Amino acid sequence: MIIEPRMRGFICLTAHPDGCAQSVKNQISYVKSKGTIEGAKKVLVIGASTGFGLASRITAAFGSNAATIGVFFEKEPAEGKTATPGWYNSAAFEQEAQKAGLYAKSINGDAFSNEVKQKTIDLIKADLGQVDMVIYSLASPVRMHPVTGVLHRSVLKPIGSTFTNKTVDFHTGNVSQVSIEPANQEDIDNTVVVMGGEDWSMWMEALKNAGVLAQGATTIAYSYIGPEVTEAVYRKGTIGRAKDHLEATAFEITDSLNSLGGKAYVSVNKALVTQASSAIPVIPLYISLLYKIMKAEGVHEGCIEQIQRLFADRLYTNAAVPTDDKGRIRIDDWEMRDDIQAKVKALWATATTENLPEIGDLAGYKQDFLNLFGFGFEGVDYTAEANEMTQIPSIV
Ligand code: NAD
Ligand code: NA
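Every value quoted in this text rests on a predicted model; they were computed, and no experiment measured them. Throughout this document, residue positions are counted from 1 along each chain, in the order its sequence is written. Whichever chain is written first becomes A and whichever ligand is written first becomes 1, with later ones labelled in order. Reporting in this predicted model follows two pLDDT cut-offs: at least 70 for local features of residues, and 80 or more for side-chain atom pairs to be given and counted; totals over whole chains, interfaces and linings ignore these cut-offs and use all residues. No hydrogens and no water enter the side-chain calculation; it runs on all heavy atoms of the structure.

What follows concerns the confidence of the model for the protein. Summing up the model confidence of the protein, the mean pLDDT is 96 and the portion of residues at 70 or higher is 100%. Highest mean pLDDT in the protein belongs to strand β3 (residues 42-46) (99); lowest belongs to helix α9 (residues 275-278) (84). As scored by the predictor, the complex reaches a pTM of 0.98 and an ipTM of 0.98. The predictor attaches a confidence to each residue, called pLDDT, with possible values from 0 through 100. Elements are defined by DSSP. Helices are runs of H or I of four residues or more, strands are runs of E of two residues or more, and each kind is numbered from the N terminus.

Here it is, written out as structure tokens:
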């Protein structure tokens, strides 16, 4: 099959197996080029197949020679349909891990469920005994609550009043005004249930009670803050409430890991093009201006550069882990630099459909978006038959 991108709104319906494999290989090469990190050796990654979670799995495996178990929710290929990118990424990751003699197994299913938690515990017991690091990197629009059976949906809305600002349709480059109606209390509650810290804490409780957390085990989840222009729809909106909850949960988990001498961290990461962030109004325009400035200043990073730096310069330095006044690790430090934010803010005020291709990095945005689905990689022949992959041998 020759596979081409098929765009439908904010998503791409197809994914390219060879392009996804190239993406994984590029990330592995990057991590190897930066040298060894004295990090955890047995690592569980929840949300391991794309974005920051995949970058975390790659950094642990190829930076610290860690055995990894990955949990994700991806679709395998079917008749006339490609798999989702995370499925191809994971297939490629496991192939590379195997070549390097690294243990890697995966569980494909709903991480919010009791069943997947139990399956993961059984796998750890059987193969690794215990894990010393748990990375929590889920991003999902829905969560079926394992106790009540209720299906909760998260929303991306401001709180209190209608928010109006500029946005861009990154496919067409059209800059326009968008107005988003405020959330009601139910929207806020649902978003906190889906993207807040409850499931993270359920995972850590289950792992601890099963005895599969090693002495001194650590866990980390990812958050975002961002600039003033996106505040109403992000940090002070429904998703921000969920992030507040996630950040507060870190302290509760640290308390509950006290007997093991363990610790929970939250890392605030940089804004990046992912399927999730592309669907949030206003954010794509911010990202395209931010990329332009950060590239010009030589401080642009993707997921793998962010996570490699998080591990090498924050988590595993032999010194205390540096945190801000709210106990969070900051790897969004370059994004949030005053000079960078001042430049983005000035560009924001002037951005129009006409000048965006020049003042913003719309081309970079589009390239990153295509890359998410395995398209647009150098070294891949997209006119050739794609590799027909039908199974991941190490999915349990
Ligand atoms: P992503 O969409 O690339 O990755 C999400 C992962 O979660 C995938 O592995 C997916 O398979 C998995 N997943 C989703 N639902 C699942 C389920 N029910 N069961 C099992 N697995 C499931 O997202 P991302 O952008 O890497 O986000 C990861 C974290 O980083 C999120 O907490 C996000 O808020 C945070 N973050 C993102 C950005 C950004 O700009 N993208 C910035 C800072 C922080
Ligand atoms: Na992820």
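Our focus in this paragraph is the nonpolar core. Here, the term nonpolar core denotes a set of buried Ala, Val, Leu, Ile, Met, Phe, Trp, Tyr and Cys residues that are joined through side-chain atoms within 4.5 Å. Burial classes follow relative accessibility: with a 1.4 Å probe on protein chains only, a residue under 20% of its type's maximum area counts as buried, one over 50% as exposed, and anything between as partly exposed. Judged by nonpolar contacts, the single largest core of 84 residues is most densely connected at Ile58, Ile220, Tyr286, Leu310 and Phe311. One finds Ala67, Trp200, Met204 and Leu246 within the second-largest nonpolar core, a separate group that totals 31 residues.

Taken together, the protein ligands of the sodium ion (ligand 2) are Gly47 (O), Thr50 (O), Gly53 (N), Ser137 (O) and Ser137 (OG), with distances of 2.8 to 3.2 Å. The sequence motif formed by the donor residues of the sodium ion (ligand 2) is G-x2-T-x2-G-x83-S. Taken together, the residues Gly47 in the loop between β3 and α2 (51-64) and Ser137 in the loop between β6 (131-136) and β7 (142-144) connect sequence positions 90 residues apart. Given a relative accessible area of 11%, Gly47 falls into the buried group. Here a donor is an N, O or S atom found within 2.8 Å of the metal, or within 3.2 Å if the metal is Na, K or Ca; sites may look incomplete because water is not among the atoms.

All right, on to the environment of Ala342 then. Position of Ala342 relative to the elements: it lies in helix α12 (residues 338-350). The exposure class of Ala342 is partly exposed, given its relative accessible area of 47%. Residues Ala342 and Asp199, spaced 143 residues apart in sequence, show a C-alpha to C-alpha distance of 37 Å.

Another aspect to go through is the environment of Val229. Mapped onto the secondary structure, Val229 falls in helix α7 (residues 228-231). Val229 sits in the buried class, given a relative accessible area of 19%. Sequence spacing of Val229 and Asn108 is 121 residues, and the spatial spacing of their C-alpha atoms is 37 Å. When residues no more than four places from it in sequence are discounted, the contact partners of Val229 are Phe163, Asn165, Val282, Tyr286 and Trp348. When checking whether two residues touch, look at their non-hydrogen atoms; a contact exists if any pair is within 4.5 Å.

One way to say it: the disulfide is the covalent bond shared by the sulfur atoms of two cysteines. Only a pair of cysteine sulfur atoms within 2.5 Å counts as a disulfide in this structure description. Across all of its chains, the model carries zero disulfides by this definition. Here Cys12 stays free of any disulfide, with the sulfur of Cys20 as its closest cysteine sulfur at 9.8 Å. Take Cys303: it sits in no disulfide, and the sulfur closest to it among the cysteines is that of Cys20, at 14 Å.

Next up on the list: the site of ligand 1. Think of it this way: one heavy atom of a residue within 4 Å of a molecule or strand is enough to make that residue near it. The local shell around ligand 1 holds 26 residues, among which Ser49, Thr50, Glu74, Ala111 and Lys243 are the closest. At 3.4 Å from an oxygen atom of ligand 1 is found a main-chain nitrogen or oxygen belonging to Gly47. Here a polar contact is recorded for every N or O atom pair within 3.5 Å, except that within protein the pair must consist of a potential hydrogen donor and a potential acceptor, and residues adjacent in sequence are included only if both atoms are side-chain atoms. A distance of 3.2 Å is found between an oxygen atom of ligand 1 and a backbone nitrogen or oxygen belonging to Phe73. Exposure was quantified through the Shrake-Rupley algorithm and a 1.4 Å probe, taking into account, for residues, occlusion by the shown protein chains and nothing else. Within the complex, 90% of the 840 Å² of free accessible area of ligand 1 lies under protein. For the shell around ligand 1, the secondary-structure elements that each account for two or more residues are α2 and β11 (213-223).

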